[in-house]
2 protein chains.
Amino acid sequence: MDLSIFSHELNIRKKLIEDNLVKCININAHPPSIHAAMEYALLNGGKRIRPIMVLEGAKLAGIDYKKILPTACALELIHTYSLVHDDLPAMDNDELRRGKPTCHIEYGEDIAILTGDALLTLAFELLASNSQVVGINNLNVVKVISEVANAAGSQGMIGGQVIDLASEGKSIDYDSLLNLHSLKTGKLFEASLVSGAILGDMGEEDIKKLRNYAYHYGLAFQITDDILDVTGDVSKVGKPIGSDEKNFKTTYPTLFGIEKSKELAKVNIDKCIDNLNSFGEKADFLKSLAIYTLLRNN
Amino acid sequence: MDLSIFSHELNIRKKLIEDNLVKCININAHPPSIHAAMEYALLNGGKRIRPIMVLEGAKLAGIDYKKILPTACALELIHTYSLVHDDLPAMDNDELRRGKPTCHIEYGEDIAILTGDALLTLAFELLASNSQVVGINNLNVVKVISEVANAAGSQGMIGGQVIDLASEGKSIDYDSLLNLHSLKTGKLFEASLVSGAILGDMGEEDIKKLRNYAYHYGLAFQITDDILDVTGDVSKVGKPIGSDEKNFKTTYPTLFGIEKSKELAKVNIDKCIDNLNSFGEKADFLKSLAIYTLLRNN
């Protein structure tokens, strides 16, 4: 897919997600402070990759992706909650996120902890609400809730963050780094893509291909993030450059250098794309998404 | 129900819950630290009132309560996560919980935040897993997830904690105190009792009676808690006495004094019991549970 067509298609999806994310938080609800903080954390100019993956999973399964918008939004809420908690002083202690003060800087640490909790909880309410849409099967809704909880839990995303915190200031090997990132970022990408597919009743064999895509996408994404932390521009990245070095984190560039890391990202993007061949034209957008991620390096 | 029979019946239920809570956490799973912390927080000698309410809701709906044990455990996990986060330095800053060091004292603040997150996430995985039990309807499982997420969320339990934090050091009136406690503790009692009933396919009219029971039970429970914070024995209560006064919290005793507060608890217990009359003998245990709560005053 041509980059200008891809950008146009990406913006259509992003706008659809943004329009629906706004509706997820009832800003007039009581108590006001927590709902303001939830909206602040959520509407922060994120790339919305996870909800877009939910939409694409549904599309590949052959259903209208407007049917599964509550599930798409739920995955973005889970991603957002993880950022709010990761930024806390007891964790990564970051004061800037996408160019704005982090949630605890803006609202205080207590409200930030509760904001994360509330976003995570609301995500499951949204996932459950998707059962009210015509043509969506209740068993599939339950399967998605199970899939997402597992991916976000102690043996998934949270487990990855635990390993990340324990690895700070230590030199870890390649296998440990792979494991860390497949848990911390890969699992939620996988759950996103697969959730849309499950709601669209996709068969197990095809779902397995999507899991492979998401695994390699997650690695390429993380490698690119690590590279940008060294070579990026603060005005584009939206967070301080060099924070990995500051926190003594083992990254792909510290293990392999910048050039080898770029190659490694490319290998993973290729593996991503290979897994989508059997889906034909319907998968063109997801293929381009993988390539686009790699282009962030330049 | 005679107190000795009640105590026997309570212990049977508590043991059933404890035996199943142990199985909820895979202590051999990777990474070890988070799973150890989750188990530490969960297996701490709690009263297990919420999961017991789930069982009783199912019993009143006429189904075998062994069928809904995953849901019962899920409600205890949500209660436990809320305690772990409430105890954090940025929140109530408590170092002792049921006679043991709080989770962040034992495992550090970062792991405690993630432990709360992981327990909350696992709770939803457990709720979803209840759909695999023969005779349990998927639509009802989805309804329960929605009910629980709503009760635990920003307009329920988390909202109550936000109001509680904002009220510290301030004098608040009776209506505000009622609202605070119905959100912070009442909503989760309500969701517990109603979850069991929904899984047992109870009709709306009867479910409404259970909601009323839980509302008044929650108030009586909180009033009793406030009284114990003034008059209690640290070895029995398991947390420091006088912490409300230390934190300048408005409580029932500060508004009405001890004797009037005891009367108010009694009024609420009576209202609890009234709501169960139409259920006949099946509700005897729940009626006794309300009375037993009141007896904690003595």
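Everything below is about the structure printed above this text.
For every chain, the first residue of the written sequence is number 1, and numbering continues from 1 onward in sequence order. Whichever chain is written first becomes A and whichever ligand is written first becomes 1, with later ones labelled in order. Side-chain atom pairs in this predicted model are given and counted only at pLDDT of 80 or more, local residue features only at pLDDT of at least 70, and totals for whole chains, interfaces and linings cover all residues. Hydrogen atoms and water are omitted, and side-chain values are computed over all heavy atoms in the structure.

**A look at the nonpolar core**
Here is a general trend for soluble globular proteins: nonpolar side chains tend to be buried in one another's company.
Right, so step 1: Here the nonpolar core consists of buried residues drawn from Ala, Val, Leu, Ile, Met, Phe, Trp, Tyr and Cys, with membership extended through side-chain atoms lying within 4.5 Å. Only protein chains enter the area calculation, which uses a 1.4 Å probe; residues under 20% of their type maximum are buried, those over 50% are exposed, and those in between are partly exposed. Counting 171 residues, the largest nonpolar core has Y213 and Y217 of chain A together with Y213 and Y217 of chain B as the members making the most contacts within it.
Right, so step 2: Throughout, a contact is declared for two residues whenever any of their heavy atoms are within 4.5 Å. Ignoring any residue separated from it by four or fewer positions in sequence, one finds Y213 of chain B in contact with M53, L193, C272, N275, L276, L286, L289 and A290 of chain B.

**Considerations on the side chain of T224 of chain A**
Right, so step 1: Within the secondary structure, T224 of chain A sits in helix α10 (residues 204-231).
Right, so step 2: Polar contact is defined as a pair of N or O atoms within 3.5 Å, subject to the rule that within protein one atom must be able to donate a hydrogen and the other to accept it, and that residues adjacent in sequence are counted only when both atoms are side-chain atoms. Separated by 2.7 Å, the side chain of T224 of chain A and the backbone oxygen of A220 of chain A make a polar contact. Helix and strand labels come from DSSP, where a helix needs a run of H or I of at least four residues and a strand needs a run of E of at least two; each type is numbered from the N terminus.

**Observations concerning the side chain of D94 of chain B**
Right, so step 1: The topology assignment puts D94 of chain B in the loop between α4 (69-86) and β1 (96-97).
Right, so step 2: Not counting residues within four places of it along the chain, the set of residues in contact with D94 of chain B comprises D87, T102 and H104 of chain B.

**A closer look at the interface of chain A and chain B**
Right, so step 1: Chain A puts 45 residues into the contact, and the matching count from chain B is 45 residues.
Right, so step 2: In short, buried area is how much 1.4 Å probe accessible area vanishes from two parts on joining, totalled over both. Between chain A and chain B, the buried area comes to about 3600 Å², and carbon and sulfur atoms account for 73% of it.
Right, so step 3: The largest per-residue losses of area from chain A upon contact with chain B belong to L114, T121 and V142 of chain A, which jointly make up 14% of the total buried on that side.
Right, so step 4: In what follows, salt bridge is the name for a side-chain nitrogen of Lys or Arg lying within 4 Å of a carboxyl oxygen of Asp or Glu. Where chain A packs against chain B, one counts 0 salt bridges.
Right, so step 5: The interface formed by chain A and chain B holds 6 residue pairs in polar contact (both at pLDDT 80 or more) in total.
Right, so step 6: Among the secondary structure elements, those contributing two or more residues to the side of chain A that touches chain B are α2 (32-42), α4 (69-86), α6 (109-129), α7 (138-152) and α8 (157-167) of chain A.
Right, so step 7: When residues in the side of chain A that touches chain B are grouped by element, the largest group, 12 residues, is from α6 of chain A.
Right, so step 8: Here the term charged refers only to Asp, Glu, Lys and Arg, the term nonpolar to Ala, Val, Leu, Ile, Met, Phe, Trp, Tyr, Cys and Pro, and the term polar to all other amino acids, Gly among them. Of the residues belonging to the side of chain A that touches chain B, the class tally is 25 nonpolar, 16 polar and 4 charged.

**Considering helix α6 (residues 109-129) of chain B**
Right, so step 1: To estimate the expected span of a helix, subtract one from its residue number and multiply by 1.5 Å. Here α6 of chain B is 21 residues long and its end C-alpha atoms lie 30 Å apart, about the 30 Å a rise of 1.5 Å per residue gives.
Right, so step 2: By the criterion of burial, α6 of chain B is predominantly enclosed, with 17 of the 21 residues buried.

**Regarding unusual backbone geometry**
Residues and elements named next belong to chain A.
Right, so step 1: Between H30 and the following residue, P31, the backbone shows a cis peptide bond with an omega angle of -5°.
Right, so step 2: Here P31 shows up in the loop between α1 (3-24) and α2.
Right, so step 3: Residues other than glycine seldom take positive phi values, yet R48 does so here, at roughly 60°.
Right, so step 4: Mapped onto the secondary structure, R48 falls in the loop between α2 and α3 (49-60).

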